[in-house]
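Residue-level structure breakdown
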Amino acid sequence: GVTIYGGFRGLPGDEGVNNATTRPPDPDPATPNPATDSILSGDLNGNDGPNFANYGDNVYHVVTASGTSASAVLDGFTIRGGNGSAGAADESGGGIYTLGGSPTINSCTFIENTSNSNGGAGYFANGSNPSFTNCLITNNRAVTGAGGGFNCTGTNNPLFTDCTFSNNSSNGAGGGALALGDGSAVLSGCTFVSNTAPAGSGG
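Note that the structure is a prediction, hence the values are computed from the model and not measured. (Residues numbered from 1 in each chain as written. Predicted model: local features only at pLDDT ≥ 70, side-chain atom pairs only at ≥ 80, totals over all residues. Heavy atoms only, no water.)

A word on the overall build of the protein chain
Helix and strand content of the protein chain: zero helices and 21 strands. Evaluated residue by residue, the protein chain yields a buried proportion of 45% over its 203 residues. Residue pairs in contact within the protein chain that sit at least 24 positions apart in sequence constitute 78% of those at least 6 positions apart. Of the roughly 8700 Å² of accessible surface on the protein chain, 51% is carried by carbon and sulfur atoms. (Helix = DSSP H or I, 4+ residues; strand = E, 2+ residues; numbered from the N terminus. Buried < 20%, exposed > 50% of the residue type's maximum accessible area, 1.4 Å probe, protein only. Contact = heavy atoms within 4.5 Å. Areas by Shrake-Rupley, 256 points an atom, 1.4 Å probe, with all protein chains shown as cover.)

Given below as structure tokens:
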């Protein structure tokens with residue numbers, strides 16, 4: 001039931017105002033700007049490098065949304081640097097991990113997250129019904145599992161509206177951009193470009 005807004009201008013009088021009317025345009029959402037963006041980062045030591053270098057210290061999941069309902073809203077954030085790797089209870093969901101939850105995610109960027117055996121580097125859901133609107137999922141990597149960008153396993157009914165999946169990769173079971181298990185996904189107005197699955201199907 002909690003709504004969290006990011007991306008405010010930070011001007012006097014903006015406190016408590018819905019950021020839909022105060023958030024400035026982002027000239028390049030694929031290149032987060034720490035000076036202006038609201039960034040949720042898994043980089044504990046501030047030493048991440050290109051191609052997922054120095055990710056050993058990063059958190060397993062930047063955000064967890066298990067057990068949430070649609071009234072739990074995350075709006076206007078960049079989510080980066082998650083490392084769903086060996087040691088995590090579930091080696092997936094570097095950006096966001098959701099077990100049995102249905103959060104509402106609006107205007108968020110998932111970038112440079114990674115995962116291991118269960119995939120879903122940007123977002124992993126199991127038994128969930130999440131909703132995504134106007135999100136950018138880019139440059140995420142599943143090392144061995146499916147779903148470089150997102151992996152919705154089990155029975156899920158995710159909803160994607162006006163989202164872009166670009167430059168995500170899965171080196172495991174496929175689904176460079178998106179892997180889906182049981183359930184019925186609905187995608188409307190979405191764009192898929194330059195996603196790859198060199199070791200599996202469904203780039």
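Description of the layout of surface pockets
Taken as a whole, the second largest pocket spans an internal volume of roughly 190 Å³. Around the second largest pocket sit S41, D43, D48, G49, P50, N51, F52, Y55, R80, G81, E112 and N139, which together line it. Considering only residue class, the lining of the second largest pocket consists of three nonpolar, five polar and four charged. (1 Å grid on protein atoms, 1.4 Å probe; cavity = no way out; pocket = protein on both sides within 12 Å on 5 of 7 lines; lining within 4 Å. Points joined across faces, edges and corners; volume = space filled by probe spheres on them. Nonpolar A, V, L, I, M, F, W, Y, C, P; charged D, E, K, R; others polar.)

Overview of the pairing of strand 15 (residues 150-156)
As judged from the four bridges shared by strand 11 (residues 123-126) and strand 15, these two strands associate in the parallel manner. Bridging from a neighbouring strand, A125 pairs with C152 of strand 15. Of the strand pairs in this sheet, strand 15 and strand 19 (residues 178-183) are connected by five bridges, and their pairing is parallel. What sits directly across from N151, in strand 19, is A179. (Pairing = 2+ DSSP bridges.)

A look at the sheet that holds strand 18 (residues 169-170)
Strand order across the open sheet formed by four strands is 6-10-14-18, with parallel pairing between neighbours. Each edge of the open sheet carries a strand with a single partner, namely strand 6 (83-84) and strand 18. Relative to strand 14 (residues 141-142), strand 10 (residues 114-115) runs parallel, the two sharing two bridges. Bridged to T114 within strand 14 is R141.

Considerations on the packing of aromatic side chains
Applying the stated rule across the entire model yields 13 aromatic pairs. Summarising the aromatic geometry, the rings of F110 and F150 are spaced 5.2 Å apart at their centres and angled 80° between planes, so their arrangement reads as edge-to-face. A residue pair is termed long-range when its members are at least 10 positions apart, and F110 in strand 9 (residues 109-111) and F150 in strand 15 qualify at 40 residues. Aromatic rings pair up to connect F110, Y123, F132, F150, F160, F165 and F192 into one cluster. (Phe/Tyr/Trp six-rings, centres within 6.5 Å; stacked < 30°, edge-to-face > 60°.)

Observations concerning the side chain of T114
Looking at where T114 falls in the secondary structure, it is placed in strand 10. Engagement of the side chain of T114 in a polar contact is seen with the backbone oxygen of R141, the distance being 3.0 Å. What T114 contacts, discounting residues up to four positions off in sequence, is F52, Y55, G82, N83, G84, G94, A121, R141 and V143. (Polar contact = N/O pair within 3.5 Å; in protein donor to acceptor, adjacent residues only side chain to side chain.)

Thoughts on the pairing of strand 7 (residues 96-99)
Sheet topology note: the strand 3 (residues 63-64)/strand 7 ladder contains two bridges and is parallel. What sits directly across from V63, in strand 7, is I96. As paired elements, strand 7 and strand 11 share four bridges and run parallel to each other. If you follow L99 over to strand 11, its bridge partner there is N126.

Some points on the sheet that holds strand 4 (residues 73-75)
Spatially, six strands are ordered 1-4-8-12-16-20 in an open sheet, and the strand pairing comes out parallel. For this open sheet the edge positions go to strand 1 (3-5) and strand 20 (186-188), each flanked by a neighbour on one side alone. For this sheet the average axis-to-axis angle between neighbouring strands, irrespective of direction, equals 5°. When strand 12 (residues 131-133) meets strand 16 (residues 159-161), the two strands line up parallel, connected through three bridges. (Axes fitted to C-alpha atoms, helices over the stretch in contact; angles between N-to-C directions.)

Scope: geometric values only; no functional claims are made or implied.
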